[in-house]
Every structure is written in C-alpha cells, then in structure tokens.
Amino acid sequence: MLIFFLLLRALSSDGAFHLDPQWQRLLYLDLETGPYLLSPERSAEAEWKKTLELFRDPQKKGNDHPQCLYPARRLVLERLLGSSAPARVVCPDFDEWMAKISPQGVSLVFAGNYPDNPGSLFGHTFLRIHTTTGASHAVLDQAINFSAEVSDDIGFVYAVKGLVGSYYGGYTLTPYYVKLNEYNEAEGRDVWEYRTDFTPRETEFLLAHIWELKQRAEFRYFFLSQNCSYFIIRLFDILRPQQRLAQELPWYVIPLETIKVFSRRGLATAVTYRPSVRLMARRYTAKLDSRQRRELEALLDADEEVVSQDPQVLHAAAWQISALHSRSDGVLAASLKQKEAVILTKMSRLEVDDRLELQHAAPDQGHAIGQLAFGVLSQQKPGLLLEYRLGVHELTDSPLGYLPLSELAILKTRLAVEERKVSLNQVDFLSMMVLRPRSIEEREWSWSTRANYEHRATLFAAQERQVHLNFLAGTAHQLGDHVATFLAGPFALAQGLRDLGYGLALEPGLISRWHRLMLVNRVQVLQRLDQLRAYSHQLVPQSIVTFRHSTESETQLEASYPLRLGNFFPSAGQVALKFDHHF
C-alpha cells in the first residue's frame with residue numbers, strides 16, 4: 001500500500017494525474033462542449049495544467065473564481081492531490097445552492113410512452129435527486145433533465161435537423177413535482193423510478209458537475225445517439241468510471257435500452273411505479289359492467305346530478321374527471337369541479353375499499369429492440385428470406401413493457417434468395433403507428449405513417465420497384481379480444497423516376513390477440529392520380545399470423561396479394577413464413 005501511495009506521488013510530479021478515469025470523463029473530450037473547456041488544446045493533460053493554474057489564481061475572488069465555476073473538478077483535485085490541492089475558495093452562490101438542495105440520493109426515472117409526440121413514442125429518461133431519505137417528498141426533490149433546445153420547425157425539418165445534430169442540448173434542474181405533473185398527469189405517461197445506491201457524497205459530486213455543465217457546457221443533440229438517455233448514462237460513468245455503462249449501449253440509443261443496461265447491471269435498489277391518471281381511469285372503467293357504464297356516462301354528463309351510490313361507478317367517475325382535468329391543461333368546467341367535490345364526499349362516506357392492484361410490466365422487461373428473421377418466401381417461385389430490423393417495436397411483437405397497439409420500426413430490410421440470386425425485396429425506412437381504441441376516457445385519433453421500398457415480381461414476369469410514403473389517421477374500436485381500425489389519408493408512390501403519383505389511401509383492419517397468438521388483417525385501398533392525370537386503383541389485402549414462443553422470439557406467417565388495375569402491373573401474391581428473434 002505504501003509503495004502504491006509513493007508511486008502516485010511520483011506520478012503527480014510528472015503531471016500523470018490527468019490519466020485518472022474520472023478526470024478524463026469530466027472533460028467530454030470526444031464531444032463538442034462549447035465554452036466548457038479551459039484550454040484550447042483539448043487534451044486531458046492540458047486541461048489538468050490549466051485547471052491547476054487557474055485554481056491557484058489569487059486575483060479572482062468569490063463566485064467568479066474558477067473553483068466556483070468548476071466545483072466537481074475541485075473535488076477531483078482534492079481526491080488526487082490531497083493536501084497538495086489548491087486551497088479552497090469560498091463560493092457563496094454554489095454553497096447556498098447545494099445547501100438548499102441538500103442531496104441524499106439519486107433515482108433514474110423513466111417516463112413512459114407518449115403517443116402524441118413521435119420523439120417520445122418510446123419514453124424519456126431523467127434523474128430525480130432525493131433531498132430526504134423518504135420516498136414521499138416529491139415536492140422537495142429536484143429533477144435533472146437533458147433536452148434539446150429546439151425551435152418552431154415543422155415536423156419534417158425538425159426530424160432532419162434532429163438526425164444530423166443541428167440542435168444543441170443541455171442540462172436543466174427543475175422541481176421534481178413539475179416534471180411529475182408534466183409526464184404523469186398532463187401527458188398521461190406512467191412513470192418508473194429506479195432508486196440507485198449512490199451515496200450522499202456521490203450525489204453531491206453529481207450536483208457539483210451539473211452546476212458546471214449547466215452554466216458553461218453546450219452539446220450537439222442527435223435524436224438517435226447523443227440524446228437524453230445517452231447523457232444521463234454518461235453522468236453515471238463519471239460518478240463510477242469503472243462501470244463503463246455507455247460502452248454497453250449500441251450506436252443508436254433509446255430510453256428503453258438505457259433502462260435495460262441499468263437493470264442488467266443490478267444498479268437499482270428499489271423500483272417505484274407511478275401510474276398515470278389516464279391509466280387509472282381506464283382500469284377503473286374496465287371493471288364496470290354495461291349497466292354501470294351507462295350510469296357512469298350519465299354521471300359525467302354536465303347537466304346530470306350525482307345520484308349514484310355505487311362505489312365502483314363513483315371511483316371510475318372520480319378518475320375520469322381527473323383525466324379530463326389533465327387533458328385540459330388544468331382548466332376544468334365549473335360544473336365538473338362541483339361534481340368532483342360531490343363524488344369525493346360520497347366516496348368518503350361510503351368507506352368502501354375499491355383500490356386496484358396494478359400490475360404493469362416495467363420497461364426493462366420488454367423485448368430487445370433489434371430483430372433478425374429467417375424463413376421461406378414464395379412469390380412466383382419459392383425462395384429464402386433474411387430480414388433485419390434495426391429497431392424498435394412492431395405491432396406483432398410482444399407488448400410487454402411497450403405501449404400497446406403501437407409501432408416504431410426503423411430500417412427493416414428483407415433480402416430474398418431465389419434461384420441462387422440475392423435481391424433486395426423490401427426496406428421499411430420508417431414505420432410508425434399508434435392505435436387508441438375509443439372509449440369513455442379515450443377520444444384521441446389513431447394514426448400511422450410509413451416510408452418503404454418494395455421490389456417484387458409481377459404476374460407478367462416484369463420487375464416492379466416502388467417507393468411508397470403515406471400518412472393515415474382515423475379511429476380504432478375495442479370489440480372484446482379484437483380491435484377494429486379504419487385509417488385514411490394521403491400517399492405518394494413512385495415506380496422509377498418517371499412514373500410518379502399521389503392519391504388517397506383507405507386502410508380498414510382487424511387485430512385479434514389470444515394469449516400467444518395474434519392475427520392482423522388489413523386491406524389497403526389506393527386511388528392514384530399519375531403525372532398524366534390518369535386514375536388507377538390498387539387493392540392490397542394482407543394477413544399476418546404470429547405465434548409468440550417467448551418475449552424475444554416468435555414464428556410469423558405473412559400473406560399479401562396486391563390486386564392492381566389501370567396502368568399498374570398486377571403483382572404476384574407473396575407468402576412468407578419466418579422465425580423472428582430479438583437481440
């Protein structure tokens with residue numbers, strides 16, 4: 001031990017302390033950081049020397065001293081240099097800020113799926129800083145959030161700029177209850193809190209680093225890689241450099257994957273689940289029979305008085321009004337406010353325990369986002385298929401841990417092998433879908449969008465290559481074990497550079513699920529106007545039967561038979577039998 005200590009002392013005289021893993025991670029040398037670094041050389045050694053020089057500067061005093069701007073660096077220097085570290089400077093603003101927060105611990109927070117924003121379709125991660133040892137003091141706690149500073153760009157421009165890193169992002173500190181109200185109530189998202197075993201001292205170091213980042217650092221924000229989840233994981237690796245959590249992430253990063261990495265390492269000491277008010281409204285309403293549902297609908301009518309004495313109806317009504325309140329940005333009609341007060345008073349007098357036992361799969365229990373499939377394909381001739389999906393989730397996958405009846409598929413690519421020839425059969429560049437069955441508590445639209453390329457043989461032995469883009473919206477309705485859908489919207493279609501067209505697409509469908517078996521039937525009807533102002537029609541029935549072996553694997557039979565009239569070549573029907581595995 002003495003030899004090790006003497007070796008460290010010798011290294012310090014040579015300036016080798018810049019090799020310390022925590023010091024190197026503090027600097028973000030692999031990223032653009034704005035004015036965060038002190039030395040123009042952008043190296044750990046240069047930054048170490050410049051920091052020591054400025055920390056010993058006697059000219060600057062108080063809050064403007066570099067020690068007050070970089071409190072986490074000061075802690076690293078004190079750990080490595082001990083008594084040789086620069087003398088501490090009093091930092092009134094930082095000391096007051098830290099004393100006010102009084103950090104005790106950290107939770108990694110996952111806010112669930114938000115279908116109204118495609119960018120949050122598969123969740124968001126941020127941190128909760130506990131200011132007390134109890135779990136019920138959300139009003140006192142703080143939230144650390146990393147987000148992009150976006151402008152009012154329209155959807156397509158917003159997506160492109162986000163993909164190429166045209167936005168910049170940074171850390172912010174917000175009262176936790178504000179974020180909880182935003183996600184849990186206003187946006188109707190379930191929230192999971194994963195309590196870490198970080199000590200109060202580690203938590204103080206984290207806050208000290210956030211102090212220096214939020215004042216001076218500026219990072220480029222990429223939707224698929226350097227996003228909120230990526231930067232939260234980077235914070236964990238700074239606190240404990242030996243963990244190397246970021247190395248387990250793929251090149252594309254989504255919140256679900258960071259939660260899985262965190263859980264896989266066993267870093268959560270406890271998990272707290274906070275269901276949204278909309279979920280509670282759905283669950284309480286689902287318990288009602290047809291008579292009770294009619295009573296609930298009458299009770300929610302603004303002109304009706306509260307006459308029900310049924311505790312189940314009253315509980316459902318209270319949650320439905322809370323859900324309406326969350327949807328209306330906190331503005332609720334006076335009649336409903338008065339009715340809510342009457343309902344709550346009645347519930348307190350009845351003294352009936354009608355609490356729900358909520359069991360909801362945590363996000364880390366869902367399938368892996370990558371998918372590989374192999375099987376057989378039959379068009380005009382039988383062949384083999386190989387299919388790869390970059391991410392994330394499809395309608396036919398296991399819904400465990402994901403938003404039910406949703407889809408976000410990125411770069412799903414299918415290769416066909418026929419007569420020893422390999423061809424690109426299909427590429428789904430992007431496929432998104434959110435189906436929301438309409439009910440008492442759900443009045444939102446369902447929608448889907450898809451951009452894909454297909455290369456198929458036709459009945460006349462010609463080859464047909466299509467690029468297809470559509471956006472559909474409509475309704476969905478729950479019918480027992482089935483969901484009936486009807487979507488409609490514009491589409492554009494290209495067959496080569498000269499054969500372009502656009503038109504209206506209609507897509508009725510029926511989705512059925514029985515335990516491990518799922519059946520998806522849909523028919524796409526396209527009315528197309530080409531460049532010559534000529535109309536043509538296309539009818540594409542499709543059926544997909546999926547049997548799930550486990551969360552990570554399934555066998556799938558897919559059949560489609562496009563029927564095309566007008567100036568389209570009629571395509572040969574296609575049948576595929578494949579085995580999918582998530583990884």
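For the structure, check the block above.
Since the model is a prediction, treat every value here as computed from it, not as a measurement. (Residues numbered from 1 in each chain as written. Predicted model: local features only at pLDDT ≥ 70, side-chain atom pairs only at ≥ 80, totals over all residues. Heavy atoms only, no water.)

Here we look at the overall build of the protein chain
Here is step 1: Of regular secondary structure, the protein chain possesses 15 helices and 20 strands.
Here is step 2: Per-residue burial for the protein chain yields a buried fraction of 51% across its 583 residues.
Here is step 3: Expressed as a percentage of contacts within the protein chain between residues at least 6 apart in sequence, the contacts between residues at least 24 apart total 62%.
Here is step 4: By element, 58% of the accessible surface of the protein chain is carried by carbon and sulfur atoms, the whole surface being about 27,700 Å². (Helix = DSSP H or I, 4+ residues; strand = E, 2+ residues; numbered from the N terminus. Buried < 20%, exposed > 50% of the residue type's maximum accessible area, 1.4 Å probe, protein only. Contact = heavy atoms within 4.5 Å. Areas by Shrake-Rupley, 256 points an atom, 1.4 Å probe, with all protein chains shown as cover.)

A few points about the environment of Tyr183
Here is step 1: The topology assignment puts Tyr183 in helix 8 (residues 176–186).
Here is step 2: Judged by its relative accessible area of 6%, Tyr183 falls in the buried class.
Here is step 3: For the pair Tyr183 and Asn113, spaced 70 residues apart in sequence, the C-alpha to C-alpha distance is 9.7 Å.
Here is step 4: Aside from chain neighbours lying at most four places away, what touches Tyr183 is Ala111, His124, Phe126, Asn145, Gly188, Arg189 and Val191.

Brief notes about empty space enclosed by the protein
Here is step 1: One pass over the structure, following the stated rule, counts 3 cavities of 30 Å³ or more.
Here is step 2: As a volume, the largest cavity reaches approximately 730 Å³.
Here is step 3: For the lining of the largest cavity, the element with the highest residue contribution is strand 12 (residues 446–457), accounting for 7 residues.
Here is step 4: Looking at the lining of the largest cavity residue by residue, the classes come out as 12 nonpolar, 15 polar and 17 charged.
Here is step 5: Its boundaries defined by the atoms lining it, the second largest cavity holds a volume of some 70 Å³.
Here is step 6: Around the second largest cavity sit Leu395, Met433, Leu435, Thr485, Leu487, Glu507, Gly509, Leu510, Ile511, Val520, Asn521 and Arg522, which together line it.
Here is step 7: Elements supplying a minimum of two residues to the lining of the second largest cavity: strand 14 (482–495), strand 15 (499–514) and strand 16 (517–530).
Here is step 8: Top element by residues in the lining of the second largest cavity is strand 15. It accounts for 4 residues. (1 Å grid on protein atoms, 1.4 Å probe; cavity = no way out; pocket = protein on both sides within 12 Å on 5 of 7 lines; lining within 4 Å. Points joined across faces, edges and corners; volume = space filled by probe spheres on them. Nonpolar A, V, L, I, M, F, W, Y, C, P; charged D, E, K, R; others polar.)

Topic: the packing of aromatic side chains
The geometry of an aromatic ring pair is captured by the separation of the ring centres together with the interplanar angle, meaning the angle of the planes.
Here is step 1: Taken as a whole and judged by the stated rule, the model has 28 aromatic pairs.
Here is step 2: Pairing Tyr284 with Trp319 gives two aromatic rings, centres 6.3 Å apart and planes at 15°, and the pair type is stacked. With Tyr284 in helix 12 (residues 277–286) and Trp319 in helix 14 (residues 311–327), the pair connects residues that are 35 residues apart, well separated along the chain.
Here is step 3: A residue is classified by how much of its surface remains accessible, and Trp319, at 25% relative accessible area, is partly exposed.
Here is step 4: Counting every residue linked through ring pairs, the aromatic cluster contains Tyr28, Tyr36, Tyr70, Phe146, Tyr167, Tyr171, Phe219, Tyr221, Phe223, Tyr230 and Phe231.
Here is step 5: The ring of Trp445 is capped by Arg438, whose NZ or CZ atom sits 5.8 Å from the centre of that ring. (Phe/Tyr/Trp six-rings, centres within 6.5 Å; stacked < 30°, edge-to-face > 60°. Lys NZ or Arg CZ within 6 Å of the ring centre and 35° of its normal.)

A few points about the packing of helix 10 (residues 228–239) against helix 11 (residues 255–264)
Between two packed helices, the angle of one axis relative to the other and the distance separating the axes together describe the packing.
Here is step 1: Orientation of helix 10 relative to helix 11, taken along the N-to-C sense of each, is 25°, at an axis distance of 8 Å. With respect to each other, helix 10 and helix 11 are oriented roughly parallel. As helix 10 runs across helix 11, the sense of the crossing is left-handed. The segment helix 10 lies against helix 11, with Cys228, Ser229, Ile233 and Phe236 engaging Pro255, Thr258 and Phe262.
Here is step 2: Residue composition of the contact of helix 10 with helix 11, by class: 5 nonpolar, 2 polar and no charged. (Axes fitted to C-alpha atoms, helices over the stretch in contact; angles between N-to-C directions. Parallel < 35°, antiparallel > 145°, perpendicular 65-115°, else oblique. Left-handed = near helix turned anticlockwise from the far one by under 90°.)

Overview of the nonpolar core
Here is step 1: Among the nonpolar cores identified, the biggest contains 80 residues, and Tyr28, Leu127, Tyr171, Leu206, Phe219, Leu235 and Phe236 are the most heavily contacted of them.
Here is step 2: Looking at this core, the element that brings in the most residues is helix 10, giving 9 residues.
Here is step 3: For Phe236, the contacting residues outside a window of four places in its chain are Leu108, Leu127, Phe198, Gln243, Leu245 and Phe262.
Here is step 4: Ala476, Leu487, Leu493 and Val520 belong to the second largest nonpolar core, which has 16 residues in total. (Core = buried A, V, L, I, M, F, W, Y, C linked by side-chain atoms within 4.5 Å.)

Section: the pattern of salt bridges
Here is step 1: Under the defined criterion, the tally for this structure stands at 27 salt bridges.
Here is step 2: Between Lys260 and Glu257 there is a salt bridge, with its nearest N and O atoms 3.6 Å apart. With Lys260 and Glu257 both in helix 11 and 3 residues apart, this pair spans about one turn of that helix.
Here is step 3: Accessibility expressed as a relative area gives 8% for Lys260, which makes it buried.
Here is step 4: Among the salt bridges present, the one from Lys412 reaches Glu394, with a minimum N-O distance of 2.9 Å. (Salt bridge = Lys/Arg side-chain N within 4 Å of Asp/Glu carboxyl O.)

Some points on the sheet that holds strand 1 (residues 105–111)
Here is step 1: Read from one edge of the open sheet, 7 strands run 6-4-3-2-1-5-7, paired in antiparallel fashion. Across the chains shown, the open sheet's two edge strands, defined by having one partner strand only, are strand 6 (219–221) and strand 7 (270–274). The mean angle between the axes of side-by-side strands here comes to 35°, regardless of whether they run parallel or antiparallel.
Here is step 2: The strands touched by helix 10 are strand 1, strand 2 (124–130), strand 3 (142–149), strand 4 (167–175) and strand 6; relative to strand 2, the strand with the most contacts, the crossing angle is about 40°. (Pairing = 2+ DSSP bridges.)

Some thoughts on helix 9 (residues 200–216)
Here is step 1: Compared with the 24 Å implied by 1.5 Å per residue over 17 residues, the 25 Å span of helix 9 between its first and last C-alpha is a close match.
Here is step 2: Taken residue by residue, helix 9 has Glu202, Thr203, Phe205, Leu206, Leu207, Ala208, His209, Ile210, Trp211, Glu212 and Leu213 as its buried positions. (Expected span 1.5 Å × (residues − 1).)

Quick look at the pairing of strand 5 (residues 191–195)
Here is step 1: Here strand 5 lies mainly inside the structure; 4 of its 5 residues are buried.
Here is step 2: Bridging between strand 1 and strand 5 involves 5 bridges; their strand directions are antiparallel. When the sheet's bridge partners are listed, Ala111 is paired in strand 5 with Val191.
Here is step 3: Both strand 5 and strand 7 contribute to a ladder of 5 bridges, which runs antiparallel. Following the sheet pairing, Arg195 is matched in strand 7 by Ala270.

Observations concerning helix 8
Here is step 1: Here helix 8 has its buried residues at Tyr176, Lys179, Leu180, Tyr183 and Asn184. Down the axis of helix 8, the sector holding all buried residues measures 100°, keeping them to one side.
Here is step 2: Of the residues flanking the end of helix 8, it is Gly188, one or two places downstream, whose phi is positive at about 65°. (Arc of directions from axis to C-beta.)

Some remarks on the environment of Pro71
Here is step 1: With respect to the helices and strands, Pro71 occurs in helix 5 (residues 71–81).
Here is step 2: When the C-alpha positions of Pro71 and Glu212 are compared, they lie 7.0 Å apart, and in sequence the two are 141 residues distant.
Here is step 3: Among residues more than four places away in sequence, those in contact with Pro71 are Phe94, Ala208, Trp211 and Glu212.

Notes on the side chain of Gln22
Here is step 1: Among the secondary structure elements, Gln22 is positioned in helix 2 (residues 21–27).
Here is step 2: By relative accessible area, Gln22 is classed as buried at 10%.

Things to note about the environment of Arg79
Here is step 1: If you trace the backbone, Arg79 turns up in helix 5.
Here is step 2: Apart from residues no more than four positions distant in its own chain, Arg79 is found in contact with Asp20 and Gln22.

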